[in-house]
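Descriptive analysis of the structure
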Amino acid sequence: MNPKMSMVLPLPQLKPENNDEYENRITFRLYIEKLLNQKVGRYLEIISGIASLASVGIYIVSTYFDSVEWLATLDIVVCSLYLTEYLLKLFAAQHRFQYIFSDFAIIELLTVFPLFTIQSVESWNYLQRLINISRILRVFRIVRMINKIQSLSDTENGGVMRQIYVIFSTVTTIIIVTAGVLYAFEFPKRQELISKDPNKGCSNQVDKCNFHEMIYFTIVTLSTVGYGDVIPQSEEGRVCVIVLIIIVLVVIPKQMNELIRLMGLQSVYARSFYKPNHEIPHIIICGYVSVASLKNFCNELFHQDHGGQDKNAIILKPSIPNTEMEDFLHNERYEMFLIYLQGNPMIERDLRRAAVTQAKACVILTNKQIVDSHSADHKNILIGLLIKKFVNHLTGCNIRLCMQLIKPESKMHYKQSLGVKQITDQIIVVEEFKMNLMAKSCFCPGIITLLGNLVTSAGEQKESLDSEWLTQYTDGMGHEIYRTDLSSKFQGKTFSEVAAIVYNEFSGILFGLELDFGKQAIITLNPGVFIIPIQCKVHAYIICQDKKVADLVATYDMTTEEIANYHFQLSQPNSDKDKLNEEEEENQVEDHLLSGKDQLDDQYIIEKDYLLLNEPVSLMDATSIFLLEQPEINNHIVVCGIHPSIYYFLLPLRAKYLKEIQYVVILAPEKPTDIWEYINRFPKVKFVQGSPLISEDLQRASIHCADKAVIFAQSSDANKTETEDFLDQMHDAESIFIYKAIKKINPSIQIMIELVSSSNIQFLLDKDYKYQNDFKYELTPLQASGEVYISAMIDTLTCQAYYNPHIVTILQQILTGMRQSNQITQAIVVDLEIKDSNLYQVPVPEDYLNKTFGELFNYLSIERHLIPLGLYRLAKAVDNKHPYVYTNPPAETTLTPRDKVFVLAHQLPADLSGIPFDANFDPKQVNNKEVENNKALNFLLEKLKQQTSSQNGANRVVKQKNDKTVIFQGQQIKQTKNIEAENMNLNAAALQVLDQVNEQISIVKDQINDIKSSLAQKEDEIVEKCRRAIRYELGTVIY
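None of the values given here were measured: they were computed from a predicted structure.

**Some words on the packing of helix α3 (residues 71-92) against helix α5 (residues 103-111)**
Two elements in contact, α3 and α5, have axes separated by 9 Å at closest approach and are oriented at 145°. The handedness of the crossing between α3 and α5 comes out as left-handed. When α3 is examined against α5, the residues C79, Y82, E85, Y86 and K89 are found in contact with a partner set consisting of A105, E108, L109 and T111. Taken together, the residues of the contact of α3 with α5 sort by class into 5 nonpolar, 1 polar and 3 charged.

What follows is the structure, given as structure tokens:
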């Protein structure tokens, strides 16, 4: 599936033979580095700067006295402080050779020079000059201290003011340092000339050298005035003047040009910069930052469930914000926490403006509807790699990325580019997640809403709702996934027992564990009978209303002293050992990945877990002109249009754990020639060439007898830029038209549709829907039933990945099951006998109808080792006309025959699989006598109705409706054939209508005979299932 990529093996890292000694030394280095990067390091720099300021001032004043005896003692004290700081930084540096040859490290070493030579001054007078030069070089330390404590306000002219300060500090430093160097050479030279003068300096030919005179000379030289009243007498002084002029000609014009550039910028956002605050963390948002994506991301980022708005978000974007972006930036909710910078994340200067080295994370968004998705992924990968390299080069640390990619294979491109064993960044693959989610919703309706509720922070609903179903639905929206420690009191109990305790005590659903085995972390969903281990740290994933409830699980059944110790451990920072392990893990190479074994493992998993044909099917053989000619194709899934990543849509539909494989019919205007080679081994895949906007083409795809229909959003223009972006509302126009065309032919079909703009859901609602004053798409019946996928869900998921790094892994396991490609992880899973779980949807067991959800939860978790996550309530379960999802309902919720349960299970028991229930099936239309007489099937044939209406009595309308409902092995198959003949003469039309009726009846009889012959082989089994079906239908009528 993945194209071949070039692979470069990084050089192996060598370690000393004594690993314990090496590890202890590295751990101590990390400890020193941590101290230098925190307040201790800042205090040390301030003390060093103050000492430098005092020593420079004392030295300048001492030049006006003949001798200062204690100046050498002061140099020893100050230089000792310098040496200590230099050695600490050298020891803590990750790249020591690079640090030694850095600009400031060389200056630091020069300032330490007097410590080693001050005792030899009397034996070599030239050393005194070098010592004086090293004393004046301490000015650079003063400038560095001022730069670090400089508090420039982040105003509109912040960039200009900063550049003016840079020019001023540069000129001042050049003047003072040059004056000091000139004084070091001119003073002994003039003393020598004065001593040779017979008048002892009274002839006014040579004056005594003063420090202020050297400052005067330097300023006159820099201004190019050159009065000539002061000239250097020594050769060294003249060389110093030459060097000074060269430096000024190079440095000052460059800085002046930068000032002119900043002053010439019209955009305020191009001049501004972000001044980081150590107390308030900040993240950087770059990539394709649209207003819609930013709005969804910020709604989750600054939600109160995540600790309030104690963070800043820096938006780094090359273009000037448009009017819509300006309005959002001045939103009173986010105005204090959003900073917009016009800049390119590929330019280091702009990264410095955004303070990327101090950012907590960097979020890279993408255009989810772009045609050239590969180019978009490549751009995001390059941005991510450049940011990581830039931060690592300056700080030696690794910045965390939350990056969106479109194509699944792009994740491997990024992984190979890093050349590491394990990616610690959060990579959200848009098309893989979307395709798996929409495919799962075809046989597990409502999962889109279920997962959407779990990754979106909703909070409490303050408005009063006028319907019971909407109250229950909004109550379920307030539940999210939280990660917390698992109390040590649960050790030795099975996961099922712990889940029951958590639900009964805290009303939370424990559905997964995170097991930490050293460097390996294993996430498993509902391991069932797995016993909570003692030898490793265990984290729990819980569905509950807020973080406070989840935290109670961590201290369950603990004493007051144990709770105090637990909170004390949480308050302690992470150990350096953990940091060491993380760095070593990132730097190690995964040989089997770089050699291509990862692709082989994926292929092995596909062959093992999914149904594939031995031989591929050609596109010609899979193409059908008229599906009505193939009666075996019914209750199928119609995919409107061909998507480039349709492979990831078909993959979950061909999982081996599914008991029924439905036909998938692709209806598209053009043949999928390029894509077909990737999906030609999937069974039961048909292609019909036609447009889903045309009714005739939809009928050729048998849309009237289809079970589901899937509509993907259309891709945007590849040449369109962000500034020329069309309204998102217009982007969904074609999808909405297709939805309307399908509903017109088959009103009862369930359609999964992808929308770019959430507001467009109003065009899909029924005519009788009552709009509220404040329209909220999340409260509409279509969203509650899980029939609409909003693209903005990816942005919300990206923000959740920032708070919970493992949320993407959890959702992927819910959609496709647990996959462990790492050999070490596989060995641990096999050794501990951890079984993977999948998400199923099952009917409520008969014994628990009219009982509570709490009773059902305890039964399924303790006795059946299943974890219920919520309910999918069909129409008329309460006062609802449409299905809706009820996430984590209260324990006292009464169950009805119209309810289905979302459960996590390793393997679904046969007695819970049930008979699939049609939400639109009306049991009152069933002839009870025919059901009793035909135990093997339920066949209902309505009589032919003819209605005649004409003013002259000559024209009549003959309408034939033949509905056939078949129940076979727990599956209901409905076929409806409508033949209408309007404005026809009765004598001429009757024969034609009767011929068609006889033809249809003969076809039906043949099908019935075939079914009866097959059913006779399993009569007992069918009789039992028919009895269960009757119980369900009668229960529906009664309740």
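**Considering the nonpolar core**
Core analysis: the largest hydrophobic core is formed by 119 residues, its most contacted members being F511, F649 and L869. Not counting the four nearest positions on each side in its chain, L869 is found in contact with L450, I509, F511, I543, L839, T887, N888, F902 and L904. Of all hydrophobic cores here, the second largest spans 31 residues; its members include I703, Y739, I753 and L764.

**Regarding the UniProt feature "transmembrane region" (unreviewed entry) in the protein**
Under the UniProt annotation, the feature "transmembrane region" (unreviewed entry) is placed at residues 43-64, 70-88, 100-120, 164-185 and 239-256. The distance separating the terminal C-alpha atoms of residues 43-64 is 33 Å; by composition the span is 91% helix and 0% strand. Along residues 239-256 the backbone is 100% helical and 0% strand, and the end-to-end C-alpha distance reaches 26 Å.

**A look at the pattern of salt bridges**
Scanning the model with the defined rule gives 22 salt bridges in all. E45 is paired through a salt bridge with K89; the nearest N and O atoms lie 3.8 Å apart. Within this pair, whereas E45 is found in helix α2 (residues 39-62), its partner K89 is found in helix α3, the two being separated by 44 residues in sequence. The pair E45 / K89 is uniform in exposure class, with both members buried. Overlapping salt bridges bring together E45, E85, K89, E108, R141 and R144 as one network.

**Section: empty space enclosed by the protein**
This model, assessed by the stated rule, comprises 4 cavities of 30 Å³ or more. Computed from the structure, the second largest cavity encloses a volume of approximately 50 Å³. Residue lining of the second largest cavity: K368, Q369, V430, E431, K434, E754, Y789, S791 and I794, and that is the complete set. Of the residues forming the lining of the second largest cavity, the biggest block, 3 residues, is contributed by helix α18 (residues 430-443). Of the residues that constitute the lining of the second largest cavity, the class distribution is 3 nonpolar, 2 polar and 4 charged.

**A short note on the sheet that holds strand β3 (residues 338-342)**
Taken together, the 6 strands give an open sheet; going across it, the order is β3-β2-β1-β4-β5-β6, and neighbouring strands pair in parallel fashion. Of all the strands in the sheet, just β3 and β6 (426-429) have a single pairing partner and so form its edges. Ignoring which end each strand starts from, the neighbouring axes of this sheet average 20° apart. Note that strand β5 (residues 401-405) and β6 share 4 bridges and pair parallel. Paired with Q404 across the strands is I428, a residue of β6. The sheet strands contacting α18 are β5 and β6, and the helix crosses β6 at an angle near 55°.

**Observations concerning a nonpolar patch on the surface**
The grouping of I242, I245, I246, L249 and V250 at the surface amounts to a nonpolar patch, some 490 Å² of accessible area in total. Tracing the sequence through the fold places I246 in helix α11 (residues 235-264).

**Thoughts on helix α21 (residues 495-506)**
The terminal C-alpha atoms of α21 lie 16 Å apart, and with 12 residues this matches the ideal 16 Å at 1.5 Å per residue to within 8%. In terms of burial, α21 is largely enclosed, as 9 of its 12 residues are buried. Every buried residue belonging to α21 is among F495, S496, V498, A499, A500, I501, V502, Y503 and F506, and all of these are buried. Here the buried face of α21 lies against β8 (509-517), α22 (547-554), α37 (853-863) and β18 (867-873). Directly after α21, the chain includes S507, whose backbone phi takes a positive value near 60°.

**Considering the environment of F517**
With respect to the helices and strands, F517 occurs in strand β8. The spacing of F517 and V538 is 21 residues in sequence and 9.4 Å in space, taken between C-alpha atoms. Apart from residues no more than four positions distant in its own chain, F517 is found in contact with I522, C536, I828 and L832.

**Topic: the sheet that holds strand β15 (residues 750-755)**
Taken in spatial order, the 6 strands make up an open sheet running β13-β12-β11-β14-β15-β16, and their pairing is parallel. In this open sheet, the two edge strands, each paired with only one partner strand, are β13 (685-689) and β16 (788-790). Strand after strand, the sheet turns through a mean of 15° between neighbouring axes, direction not considered. With 4 bridges joining them, strand β11 (residues 637-640) and strand β14 (residues 708-711) adopt parallel strand pairing. Bridged to V639 within β14 is V710. Running over the sheet, α18 touches β11, β14, β15 and β16 and is turned about 165° from β15. Docked against the sheet, helix α32 (residues 733-745) engages β11, β14 and β15, running at close to 170° with respect to β15.

How each quantity is defined
Residues numbered from 1 in each chain as written. Predicted model: local features only at pLDDT ≥ 70, side-chain atom pairs only at ≥ 80, totals over all residues. Heavy atoms only, no water. Axes fitted to C-alpha atoms, helices over the stretch in contact; angles between N-to-C directions. Helix = DSSP H or I, 4+ residues; strand = E, 2+ residues; numbered from the N terminus. Left-handed = near helix turned anticlockwise from the far one by under 90°. Contact = heavy atoms within 4.5 Å. Nonpolar A, V, L, I, M, F, W, Y, C, P; charged D, E, K, R; others polar. Core = buried A, V, L, I, M, F, W, Y, C linked by side-chain atoms within 4.5 Å. Buried < 20%, exposed > 50% of the residue type's maximum accessible area, 1.4 Å probe, protein only. UniProt positions renumbered as here; feature names shortened; annotations may be inferred. Salt bridge = Lys/Arg side-chain N within 4 Å of Asp/Glu carboxyl O. 1 Å grid on protein atoms, 1.4 Å probe; cavity = no way out; pocket = protein on both sides within 12 Å on 5 of 7 lines; lining within 4 Å. Points joined across faces, edges and corners; volume = space filled by probe spheres on them. Pairing = 2+ DSSP bridges. Patch = residues over 30% accessible without salt bridge, like charges linked within 9 Å, V, L, I, M, F, W, Y side chains within 5 Å. Areas by Shrake-Rupley, 256 points an atom, 1.4 Å probe, with all protein chains shown as cover. Expected span 1.5 Å × (residues − 1).

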